[in-house]
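# Fold and geometry: a report
Residue strings, one per chain:
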Amino acid sequence: KAGVTQTPRYLIKTRGQQVTLSCSPISGHRSVSWYQQTPGQGLQFLFEYFSETQRNKGNFPGRFSGRQFSNSRSEMNVSTLELGDSALYLCASSTGDLGYEQFFGPGTRLTVL
Amino acid sequence: AQSVTQLGSHVSVSEGALVLLRCNYSSSVPPYLFWYVQYPNQGLQLLLKYTSAATLVKGINGFEAEFKKSETSFHLTKPSAHMSDAAEYFCAVSAGNNRKLIWGLGTSLAVNP
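Bear in mind the structure is a predicted one, so any value in this text is a computation, not a measurement. (Residues numbered from 1 in each chain as written. Chains lettered and ligands numbered in written order. Predicted model: local features only at pLDDT ≥ 70, side-chain atom pairs only at ≥ 80, totals over all residues. Heavy atoms only, no water.)

## Points about the overall build of chain A
Helix and strand counts for chain A come out as 0 helices and 11 strands. Written out in order from the N terminus, the α and β elements of chain A read β-β-β-β-β-β-β-β-β-β-β. Taken against the 2.2 N^0.38 rule, which gives 13 Å for 113 residues, the C-alpha radius of gyration of chain A at 13 Å falls within 12% of a compact globule. Taken along the three principal axes of its C-alpha coordinates, chain A extends 40 × 30 × 25 Å. Within chain A, the proportion of its 113 residues that are buried is 52%. Excluding contacts between residues fewer than 6 apart, the proportion of contacts in chain A whose partners are at least 24 apart in sequence is 54%. (Helix = DSSP H or I, 4+ residues; strand = E, 2+ residues; numbered from the N terminus. Rg over C-alpha atoms; globule rule 2.2 N^0.38 Å. Buried < 20%, exposed > 50% of the residue type's maximum accessible area, 1.4 Å probe, protein only. Contact = heavy atoms within 4.5 Å.)

## Here we look at the side chain of Gln6 of chain B
All names here are of chain B. Mapped onto the fold, Gln6 is located in strand S1 (residues 3-7). Polar contacts involving the side chain of Gln6 include one to the main-chain amide nitrogen of Gly106, which spans 3.1 Å. Here Thr107 takes part through its side chain, which lies 3.3 Å from a polar atom of the side chain of Gln6. When residues no more than four places from it in sequence are discounted, the contact partners of Gln6 are Arg22, Trp35, Tyr89, Phe90, Cys91, Gly104, Leu105, Gly106 and Thr107. (Polar contact = N/O pair within 3.5 Å; in protein donor to acceptor, adjacent residues only side chain to side chain.)

## Quick notes on the sheet that holds strand S8 (residues 73-78) of chain B
All names here are of chain B. Pairing is antiparallel across the open sheet formed by 5 strands, whose spatial order is S1-S3-S8-S7-S6. Only two strands of the sheet have a single neighbouring strand rather than two, namely S1 and strand S6 (56-58). The mean angle between the axes of side-by-side strands here comes to 20°, regardless of whether they run parallel or antiparallel. (Pairing = 2+ DSSP bridges. Axes fitted to C-alpha atoms, helices over the stretch in contact; angles between N-to-C directions.)

## Re the packing of aromatic side chains
Enumeration over the complete set of coordinates arrives at 15 aromatic pairs over all chains. Measuring from centroid to centroid gives 5.6 Å for Phe47 of chain A and Tyr49 of chain A, while their planes differ by 70°, and the two rings are edge-to-face. Judged by its relative accessible area of 1%, Phe47 of chain A falls in the buried class. We classify Tyr49 of chain A as buried; its relative accessible area is 6%. Relative to Tyr36 of chain B, the ring of Phe34 of chain B has its centre 6.4 Å away and its plane inclined at 35°; by these criteria the two rings are tilted. Like Tyr36 of chain B, Phe34 of chain B is buried. (Phe/Tyr/Trp six-rings, centres within 6.5 Å; stacked < 30°, edge-to-face > 60°.)

## Side note on the sheet that holds strand S7 (residues 64-68) of chain A
All names here are of chain A. If you walk across this open sheet you meet the 4 strands as S1-S3-S8-S7, and the pairing is antiparallel. Edge positions in the sheet fall to strand S1 (5-7) and S7, since each of these pairs with one other strand and no more. Shown here is a sheet whose adjacent strand axes are inclined to one another by a mean of 20°, direction ignored. Pairing geometry for S7 and strand S8 (residues 74-78), over 5 bridges, is antiparallel. Looking across to S8, one finds that Phe64 is bridged to Val78.

## As for the interface of chain B and chain A
Taken residue by residue, the interface counts 20 residues in chain B and 23 residues in chain A. Each partner contributes to the roughly 1,700 Å² buried at the junction of chain B and chain A, and carbon and sulfur atoms together form 56% of this total. It is Arg99, Lys100 and Trp103 of chain B in chain B that bury the most area against chain A; as a group they hold 30% of the surface buried on that side. Along the contact surface separating chain B from chain A lie 1 salt bridge. In this structure, the salt-bridge partner of Glu101 of chain A is Lys49 of chain B, at a minimum N-O distance of 2.5 Å. At the surface where chain B touches chain A, the tally comes to 4 residue pairs in polar contact (both at pLDDT 80 or more). Contributions of two or more residues to the side of chain B that touches chain A are made by strand S4 (31-38), strand S5 (44-50), strand S9 (87-95) and strand S10 (98-103) of chain B. (Buried area = accessible area lost by both parts, 1.4 Å probe. Salt bridge = Lys/Arg side-chain N within 4 Å of Asp/Glu carboxyl O.)

Written out as structure tokens, the structure reads:
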């Protein structure tokens, strides 16, 4: 079974631009979660999509948005980029069942200049 | 609400020594508990999980963890550290109907020769 894939792996943007990150979950998984990881902040939960609906949401501003398609692939969009948005963005897929683990992709490293 | 505390943001051990990474959780209902490992520039990988089947859980790479309800702990151990164990370790909890994983801030493990 193929793992979780994320594209692109690395991205450099400037302040004010917008960016779209993509995540393809493991086949059969209907839940996709997004996290922001920065040094010292640990994993910050952005949101979770399950069967095309946002099921959980973290405490991020509205500049951060996401969606999920019928094939469970998910995209995350960040508009009006700020320097503080520089981070590793991780996508995790799961069946969505209670107690089921999440499987992580390798992440997208976003640098905002 | 659930919470996770990882005691010690940095732990250093000698090769061959016991590894002990501490995790305490808070939950008003029976929790599901997870340990993940993250190697540099990679996503997170599941080490082991507790889902109430057995209090002593064995995972990959020789790691194990014991669920102690009275102490609300789920500490991760490995009898003999290897250089390849140097990584970041994360503890996470989910409970109740909320399928969101709550994450600790992580513990960086260094293994000295």
